[in-house]
Amino acid sequence: MPKRADYISWDEYFMGVAMLSGMRSKDPNTQVGACIVSSDNKILSMGYNGFPIGCSDDDFPWEREGEALDTKYLYTTHSELNAILNYRGGSLDGATLYVSLFPCNECAKAIIQAGIKQIVYDCDKYADTASVLASKRMLTTAGVKFRKYERTGRKISLEL
Ligand SMILES: Nc1ccn([C@H]2C[C@H](O)[C@@H](COP(=O)(O)O)O2)c(=O)n1
Ligand SMILES: [Zn+2]
């Protein structure tokens, strides 16, 4: 009997895991998921955007606008940073980051310092912001490659 031919690709697998991870986010506007993978295709870590441990999702603000202290921006940890911080195994040198939204400048710094060498991203909806422009400048200068995930159009569904 021939082997199955319609199995998912590595890119679909890892971006799928990143997106599934993002579904854990409580952010009402943007849910972001990240998955860090070794050069031999082993999943090392995952993360999604949310408040730090101990800072309740029910007490801290999810607002986008208003007084800075009353918005989510001063409190959320981004999915990429969470994925880096969640890793317990030692070095992330040479790893690839799959992420559903292009990393901001702060995450870019952490990505570079962690030794991650490649980024595969899906959405780039903040491409025109100073944060993402600065991120791309740093990543390019530091030799971190990034490429857009090519959607296959395949529907991957889970019945749980
Ligand atoms: N690469 C990124 C960019 C953003 N995030 C998080 C931070 C916030 O929780 C949310 C963005 O909210 P919005 O301004 O779109 O309402 O996404 C991230 O985790 N990674
Ligand atoms: Zn970020």
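Residues numbered from 1 in each chain as written. Chains lettered and ligands numbered in written order. Predicted model: local features only at pLDDT ≥ 70, side-chain atom pairs only at ≥ 80, totals over all residues. Heavy atoms only, no water.

Going by the annotation in an unreviewed UniProt entry, the name recorded for the protein is Cytidine and deoxycytidylate deaminase zinc-binding region, with Marvinbryantia formatexigens DSM 14469 given as the source organism. Taken directly from UniProt, the Cofactor (unreviewed entry) text for the protein runs: "Zn(2+)". Among the UniProt annotations of the protein, the heading Sequence similarities (unreviewed entry) holds the following wording: "Belongs to the cytidine and deoxycytidylate deaminase family." (UniProt positions renumbered as here; feature names shortened; annotations may be inferred.)

Looking at ligand 1, there are 18 residues lining it, with Thr30, Lys72, Tyr73, Glu80 and Tyr126 nearest. Taking phenylalanine 102, its main chain carries an N or O atom lying 3.0 Å from a nitrogen atom of ligand 1. For the shell around ligand 1, the per-class residue count stands at seven nonpolar, six polar and five charged. (Near = heavy atom within 4 Å. Polar contact = N/O pair within 3.5 Å; in protein donor to acceptor, adjacent residues only side chain to side chain. Nonpolar A, V, L, I, M, F, W, Y, C, P; charged D, E, K, R; others polar.)

Pairing is mixed across the open sheet formed by five strands, whose spatial order is β2-β1-β3-β4-β5. One side of each edge strand has no neighbouring strand; the edge strands of this open sheet are β2 (43–48) and β5 (145–148). Neighbouring strand axes in the sheet, compared pairwise and without regard to direction, differ in orientation by 15 degrees on average. Where strand β1 (residues 33–37) lies against β2, five bridges are found, and the strand directions are antiparallel. In the sheet register, isoleucine 36 faces β2, and the bridge partner there is serine 45. In this fold helix α1 (residues 10–22) packs onto β1, β2, β3 (96–101), β4 (118–123) and β5, with an angle of close to 140 degrees to the strand it touches most, β1. Across the sheet, helix α2 (residues 79–86) touches β1, β2 and β3, and the angle it forms with β2 is around 140 degrees. (Pairing = 2+ DSSP bridges. Helix = DSSP H or I, 4+ residues; strand = E, 2+ residues; numbered from the N terminus. Axes fitted to C-alpha atoms, helices over the stretch in contact; angles between N-to-C directions. Contact = heavy atoms within 4.5 Å.)

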